[in-house]
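Residue-level structure breakdown
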Amino acid sequence: MKKIVTCIISLLILTSVVSAETIGKRIFEIKVDADVTATNNAFGISEFFQEEAVIDLPKIYKDLPKKGFVTGFTEETNIALSLNILGVKAGFETGLDGNVTLGLSKDLFKFLGQGNKINEPMEFTSNSQVDLFAYFKTPVSFKVQGISISATPSIFVPLVHAEMGKSGATITNTEEGTIKIDGLYSLLVESGIDAGIIETREFTGSPSSILGTSGFDLALGVKVPLFLGLQVTGDVHLPVVPGKLVSKVETSGDFSYAINLMNPDENSPFNMNTGDIEIGTHTGSINRPLTMMAGVEWKPLLDMVKIDGSIGCGVRYPFSKRAYFYPQYHAGASISLLRILGASVSTEYINEMFRHEAGMMFNVRALEIDTGVSLAGSDFKNSLRGKGFGAYFTFCFGF
């Protein structure tokens, strides 16, 4: 029995070495990658797949945190080409990186779940932000005396930055049984694309006119081996030059409506005053997030098993009045056999979202497919309750 166990362990170690030297290293590679996540902190995915969906508004109001309802969406899609020659891997990558958040105050769900008192106005607010960047980067990685070093300079163009200003509504119940709703909204959309292109919907400039609004940032990474497969890691993403926001679209308005529950004939028509949509030039700037992570990585059986963990922080809209800080962490484990078949699990709080992910990998050197799914949420408790979902898919081809 001992001989059998010894043979199995020896075989696993041997396959790890073979994998590292052959299957896992392509000289030329083309990669297509897509990663999306959608979250919220009120509605579970399973609730919408029941035969009779029941939305318990009083319970939702009770369970919501003070900040209210929060939903988010992130996506990153890209295509990359790379060469790995003489221990140096270099290439280029281009894609889209987007982030959307929407928030509604808890008072709205208090009204929906419990109502409000007669002649006592109840106010609720809304806020949202949208960021979409196009980027082009040239990653380079190599080793110096066993230390792995990577550097990724990136050029990015801020395609869209949108924010809702003062937006919300006031709801009042009267003694006559009428519900009065009065609200207002404002929206500002900024872009690195010239205002004339937005207004005419025709590209009349040159590529240099868009590149002229681009920003620049730099990602650096290092892995320092210690002993017995253990190494320390560090990663930082540094904004260097902000992208320019040269145009804006701005609008605002208000609305009102009255519903008489006792006498529907007295309902007033929905009245909405929409302000002019202003399109013009703008002189603003924006950076992609500043992030820093430090951690450890352990490979007890060379490339067959990997366990890793890291902690750090991020700053969204760095070097601006809108800047704010958020923590980050990641912990995961993966296993692979000859780098032909593999599986992984991880938990993380990255990009202001909790994700608990499981993935699998299939690789025959010329072709590799990585895919996985995750439970996600804007807070840890709801991420475990299935109130968000994520998925990724990576396709690699090379030799």
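The preceding data block contains the structure.
Let us look at the structure shown here. What you see is a predicted model; the values in this text were computed from it and never measured.

Conventions used here
Residues numbered from 1 in each chain as written. Predicted model: local features only at pLDDT ≥ 70, side-chain atom pairs only at ≥ 80, totals over all residues. Heavy atoms only, no water. Helix = DSSP H or I, 4+ residues; strand = E, 2+ residues; numbered from the N terminus. Contact = heavy atoms within 4.5 Å. Areas by Shrake-Rupley, 256 points an atom, 1.4 Å probe, with all protein chains shown as cover. Patch = residues over 30% accessible without salt bridge, like charges linked within 9 Å, V, L, I, M, F, W, Y side chains within 5 Å. Salt bridge = Lys/Arg side-chain N within 4 Å of Asp/Glu carboxyl O. Core = buried A, V, L, I, M, F, W, Y, C linked by side-chain atoms within 4.5 Å. Buried < 20%, exposed > 50% of the residue type's maximum accessible area, 1.4 Å probe, protein only. Pairing = 2+ DSSP bridges. Arc of directions from axis to C-beta.

All right, on to the overall build of the protein chain then. Assigned secondary structure in the protein chain consists of six helices and 20 strands. Residue pairs at least 24 apart in sequence account for 66% of intrachain contacts in the protein chain once pairs closer than 6 positions are excluded. On the protein chain, roughly 22300 Å² of surface is accessible, and the fraction owed to carbon and sulfur atoms is 66%.

Okay, the environment of G342 next. With respect to the helices and strands, the residue G342 is situated in strand β17 (residues 341-350). Taking the C-alpha atoms as reference, G342 lies 9.6 Å from V305; in sequence the two are 37 residues apart. Excluding its chain neighbours within four sequence positions, the residues that come into contact with G342 are I335, S336, G359, M360 and M361.

Together, L226, F227, L228, V232, V296, W298 and I307 line one region of the surface with nonpolar side chains, adding up to about 690 Å² of accessible area. Looking at where I307 falls in the secondary structure, it is placed in strand β15 (residues 305-316).

Glancing now at the nonpolar core. Membership of the largest hydrophobic core comes to 15 residues, with the highest contact counts inside it found for A42, F43, I60, L64, F69 and F109. Among the secondary structure elements, those contributing two or more residues to this core are α2 (57-63), α3 (106-114), β4 (122-137) and β7 (168-173). Among the elements that make up this core, the one with the highest residue count is α3 (three residues). Residue contacts for F109: discarding those within four places in its chain leaves F43, L57, I60, Y61, L64, F69, L104 and Q114. Of all hydrophobic cores here, the second largest spans six residues; its members include F133, F156, L245 and Y317.

Looking at chain direction, strand β16 (residues 324-337) and β17 are connected through nine bridges and run antiparallel. The partner of S334 across the bridge, within β17, is S344. Remark: three residues form the turn of the hairpin made by β16 and β17, two consecutive strands paired antiparallel; L338 in that turn has positive phi of roughly 60 degrees. When β17 meets strand β18 (residues 353-363), the two strands line up antiparallel, connected through ten bridges.

Note on helix geometry: an α-helix contains 3.6 residues per turn, so any two residues three or four positions apart are oriented the same way. Within the span of α3, buried status applies to L108, F109 and F111. Projection of α3 onto a plane perpendicular to its axis shows the buried side chains occupying an angular sector of 155 degrees, all on one side. Contacts made by the buried residues of α3 are with α2, β2 (69-85), β3 (88-104), β4, β7 and β8 (178-191). Backbone geometry just downstream of α3 places G115 in the positive-phi region, at approximately 75 degrees.

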